[in-house]
Amino acid sequence: MGLDSETLNTVTRNMKAKLSWKKIASRMGFRDHASVITMIEHKNRYSFDALYDNLHDILIEWNEQVPDKANKENMIKILQNEDCNELADQLEGKSGKRKDSSSSASKKLERTRPVKYNELSKLAGKLGHWNRFALEQLDVPEYEIKKAEQKLIPDMNPYNPSMYVLQYWSNKNGDDATVEKMIKLLEKAKKDGYIVPQVFDEVFDEDDD
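Residues numbered from 1 in each chain as written. Predicted model: local features only at pLDDT ≥ 70, side-chain atom pairs only at ≥ 80, totals over all residues. Heavy atoms only, no water.

Draft legend 1. Fine view of the packing of helix α3 (residues 33-43) against helix α4 (residues 50-65). Relative orientation of the contacting elements α3 and α4 amounts to 135°, with a least axis distance of 10 Å. Classified by the angle their axes make, α3 and α4 are oblique. For the element pair α3 and α4, the recorded crossing hand is right-handed. Touching Val-36, Met-39, Ile-40 and Lys-43 of α3 are Asn-54, Asp-57, Ile-58, Glu-61 and Gln-65, all from α4. (Axes fitted to C-alpha atoms, helices over the stretch in contact; angles between N-to-C directions. Helix = DSSP H or I, 4+ residues; strand = E, 2+ residues; numbered from the N terminus. Parallel < 35°, antiparallel > 145°, perpendicular 65-115°, else oblique. Left-handed = near helix turned anticlockwise from the far one by under 90°. Contact = heavy atoms within 4.5 Å.)

See the structure below:
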């Protein structure tokens, strides 16, 4: 049977910031989900978008190891059990039926989600003083900043030290690396004069801030 590629790609693109891939694994019917998790974590230990890669790989393993349960219907049930109803509706072809009547409430809710990879990528291109921001706002250890400055990061192409420290912060904080927290950090940096005000509008989509 197996999960079709369209469903796999839709879930991977939309769920990395909202759903724990480890929780997914525990619901997929693996004979030993803990060993699958360990294998994927080891495989993606140097990834700069581990949230995406881990989720993608657990879906691939589901297809290969539990093909009788890896299908869209069971994926929808997993999403519903994790209160990810919007994506469950999208997979069922009911997209748009759960819209919040209050746009301001929706925007406020969006601030609580983790920062997306593409937002970190856009932000990385706008941090003129990335090392100062990393040290003073992101609490990245000085030795990690030195490593980035000296181009000692393996498997990073193209090389981008700004992205490295942002991804370090994101991976370290997990679900707590939210839009709201990043905006507060940027606001502090703006007050200190080394982040330009336009960065907010350029990094975060209108619906996200």
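Draft legend 2. Quick look at the nonpolar core. Of all hydrophobic cores here, the largest spans 25 residues; its most connected members are Met-28, Phe-30, Ile-58, Leu-59, Trp-62 and Met-75. Elements with a minimum of two residues in this core: α1 (5-15), α2 (21-26), α3, α4, α5 (72-81) and α6 (85-92). Beyond its immediate sequence surroundings of up to four residues, Trp-62 is in contact with Leu-3, Met-28, Phe-30, Pro-67, Lys-69, Ala-70, Asn-71, Asn-74, Met-75 and Ile-78. Among the nonpolar cores identified, the runner-up in size contains 24 residues, and Leu-127, Leu-138, Ile-183 and Leu-185 belong to it. (Core = buried A, V, L, I, M, F, W, Y, C linked by side-chain atoms within 4.5 Å. Buried < 20%, exposed > 50% of the residue type's maximum accessible area, 1.4 Å probe, protein only.)

Draft legend 3. Inspection of the pattern of salt bridges at higher detail. The final tally for this structure, using the stated rule, is five salt bridges. Linking Arg-113 and Glu-119 is a salt bridge whose minimum nitrogen-to-oxygen distance equals 2.9 Å. Assessed through its relative accessible area of 6%, Arg-113 is described here as buried. The class for Glu-119 is buried, based on a relative accessible area of 1%. One salt bridge in this structure joins Arg-132 and Glu-136, with 3.1 Å as the shortest N-O distance. A residue pair is termed a helical-turn pair when its members lie 3 or 4 positions apart in one helix, as Arg-132 and Glu-136 do in helix α9 (residues 130-136) at four residues. You can call Arg-132 partly exposed: its relative accessible area is 34%. (Salt bridge = Lys/Arg side-chain N within 4 Å of Asp/Glu carboxyl O.)

Draft legend 4. Representation of the environment of Leu-8 in the model. Among the structural elements, Leu-8 can be located in helix α1. Taking C-alpha positions, Leu-8 is 9.3 Å from Met-75, a pair spaced 67 residues apart along the chain. Not counting residues within four places of it along the chain, the set of residues in contact with Leu-8 comprises Leu-3, His-56, Leu-59, Ile-60 and Asn-63.

Draft legend 5. Quick peek at helix α10 (residues 142-149). When α10 is considered as a whole, its buried residues turn out to be Glu-144, Ile-145 and Ala-148. One side of α10 carries all its buried residues, which in axial view fall inside an arc of 100°. Across α10 from its buried face, at more than 90 degrees, point the exposed residues Glu-142 and Tyr-143. Just downstream of α10, Lys-151 is the residue with a positive phi angle, here 60°. (Arc of directions from axis to C-beta.)

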